[in-house]
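These are the residues of each chain, in order.
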2 protein chains.
Amino acid sequence: MTARHEQIAAELRRAIHREEYPVGAHLPAETELATRYGVSRGTVRQAVAALAAEGLIGSRQGARRVVLAPRRSQSFAELRSFAQWAQAMGRTATGRVVAHEYRPATAEDAARLHLPQGTPLLNVLRLRGLDGEPVLVERTVYADWISPAVEAVDPDCASVTQRLYEDTGLVFAHGEHVIDAISAGARDATLLAVRRTSPLLRVRRVTTTHDGRPVEWSDDRYRPDAVSFTVHNAIGHNPLMRTPAG
Amino acid sequence: MTARHEQIAAELRRAIHREEYPVGAHLPAETELATRYGVSRGTVRQAVAALAAEGLIGSRQGARRVVLAPRRSQSFAELRSFAQWAQAMGRTATGRVVAHEYRPATAEDAARLHLPQGTPLLNVLRLRGLDGEPVLVERTVYADWISPAVEAVDPDCASVTQRLYEDTGLVFAHGEHVIDAISAGARDATLLAVRRTSPLLRVRRVTTTHDGRPVEWSDDRYRPDAVSFTVHNAIGHNPLMRTPAG
DNA sequence: AAGTGGTCTAGACCACGGT
DNA sequence: CCGTGGTCTAGACCACTTA
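Residues numbered from 1 in each chain as written. Chains lettered and ligands numbered in written order. Predicted model: local features only at pLDDT ≥ 70, side-chain atom pairs only at ≥ 80, totals over all residues. Heavy atoms only, no water.

Visitor: Explain the protein's contact with DNA strand C residue by residue, including any values.
Guide: Around DNA strand C, the surrounding shell holds 24 residues, and the nearest of these are Arg4, Ser40 and Thr43 of chain A together with Arg41 and Arg64 of chain B. The contact atoms of DNA strand C, taken as those within 4 Å of the protein, divide so that sugar and phosphate hold 72%. With respect to DNA strand C, the side chain of threonine 43 of chain A contributes an N or O atom lying 2.6 Å from a phosphate oxygen. Every element with two or more residues in the surface near DNA strand C is listed here: α1 (4-17) and α3 (41-53) of chain A together with α3 (41-53), β1 (57-60) and β2 (63-67) of chain B. Of the residues assigned to the surface near DNA strand C, the class counts are five nonpolar, ten polar and nine charged. (Near = heavy atom within 4 Å. Polar contact = N/O pair within 3.5 Å; in protein donor to acceptor, adjacent residues only side chain to side chain. Helix = DSSP H or I, 4+ residues; strand = E, 2+ residues; numbered from the N terminus. Nonpolar A, V, L, I, M, F, W, Y, C, P; charged D, E, K, R; others polar.)

Visitor: Could you give an account of the protein's contact with DNA strand D, with specific residues and numbers?
Guide: Neighbouring DNA strand D are 24 residues, the closest being Arg41 and Gln61 of chain A together with Arg4, Ser40 and Thr43 of chain B. Atoms of DNA strand D within 4 Å of the protein: sugar and phosphate make up 72%, bases the balance. The contact in question runs from a phosphate oxygen of DNA strand D to an N or O atom on the side chain of histidine 5 of chain B, over 3.3 Å. Arginine 41 of chain B places a polar side-chain atom, nitrogen or oxygen, 3.0 Å from a base nitrogen of DNA strand D.

Visitor: So what's going on with the sheet that holds strand β4 (residues 120-130) of chain B? Which residues, and what values?
Guide: With antiparallel pairing, the seven strands of this open sheet are ordered in space as β9(A)-β6(B)-β7(B)-β8(B)-β5(B)-β4(B)-β3(B). The sheet terminates laterally at β9 (229-234) of chain A together with β3 (93-104) of chain B, the two strands that pair on one side only. Taken over all neighbouring pairs, the strand axes of this sheet differ in orientation by 20° on average, direction set aside. Of the pairings in the sheet, the one linking strand β6 (residues 174-183) of chain B to strand β7 (residues 199-208) of chain B comprises ten bridges and is antiparallel in character. Across the sheet, serine 183 of chain B pairs through a bridge with proline 199 of chain B, a residue of β7 of chain B. (Pairing = 2+ DSSP bridges. Axes fitted to C-alpha atoms, helices over the stretch in contact; angles between N-to-C directions.)

Okay, structure coming up:
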């Protein structure tokens, strides 16, 4: 059962990608779309709001909506696991556990996972790749209440997120990401097959359940020649924030 | 004249920051908020949708909305206006033009600005800082139709965006950003006072008007110890990508 | 079973943009 | 001026969560 406004959004998206509405062209008026699809104006507005949030179209009061880009790129609009993202890009995600061990929670672990300092926590170092080529080193710390389920996952499993969902029903609902850059350390360099001190794109993230309970936090380091992030923003609608360090 | 749904969003935002609704707590039901503010349910939904987009609250069908974070998100912070962002964070933005010259449009310039290759374009190299400390090297190429106005701007002007708006009425309405990491070159290193080859956070962006016409594009390199980016995202209840293939 | 959010309708008025 | 998108209302039904 798909909502009507989603069907309409999908149809408009396809039409834009098909260049039926080329870049710079106007979309039909809301009332026009409403009669065309046999729905009320409110439903049409739900649909076009989704496209606007994706940066596909722009709008101003009084003027027709304008097609901005026929993009297919993966943005941060939706939270997705590495495996899901790779699949959406038509690539194959791989992954293997390089090391895993229990360590007492550091002050940082405790703060990010809302757990008492010193709690034994599962630390996992994973190397992940696209079509066999290594692109990402992932250092993840799991909350104590989920680590048994994580340990039960095959070390070569391509999508831990999906595995955990199937096994335990756990949903990764929210993600908070901090993006910066860092020099490759010795281990990063070896695993990613780059020179030491070469620049890596780092994402430190905390993932939580629907009710905001932290599940894991991770330090992810990407080869910047293999992966980048794209964000679209508009006046009054800005999903990305720049934050000063310290 | 502020829309009622924005007033309500602002009130709820303040209440969350005041920890009237602490992290993990439930927000009142939509109908409850509707009667409290004397508006219809639709208006309440517009308000809470804004908070959800900011990552302040989460929601699922059937369950009350949950407070996720008391973050003080400067949601009006403009990614493309360094000066406005700095001001919102309570910092002082500085900027000076290091070099500027006209160069024929490269293939990349032509593609990004939708202009013919070879067109003489204004290239500007700016060094920008926070509270006097250099944090960002900006290499901007302007579309030919705006460069006269850019040349008229004071080289030490802190906010070019605002200046251009005042002078010409030009609105930077949309931005498309690609984020990765890169080694500091000799010039970057000198200007930012870091070692050569040290990692920098790079943002390549294209800024457009309301109707999608490109105004400028820029290669911005940040000191990662001074500036990072944060993104909050959620698993959308709009299964846009969840539509079955075919 | 009751409560809640998600979806949808069929109206209405206003502010703004373009002609 | 007319057409457009932005805002708002007062209903309705359904899917889901929770107790």
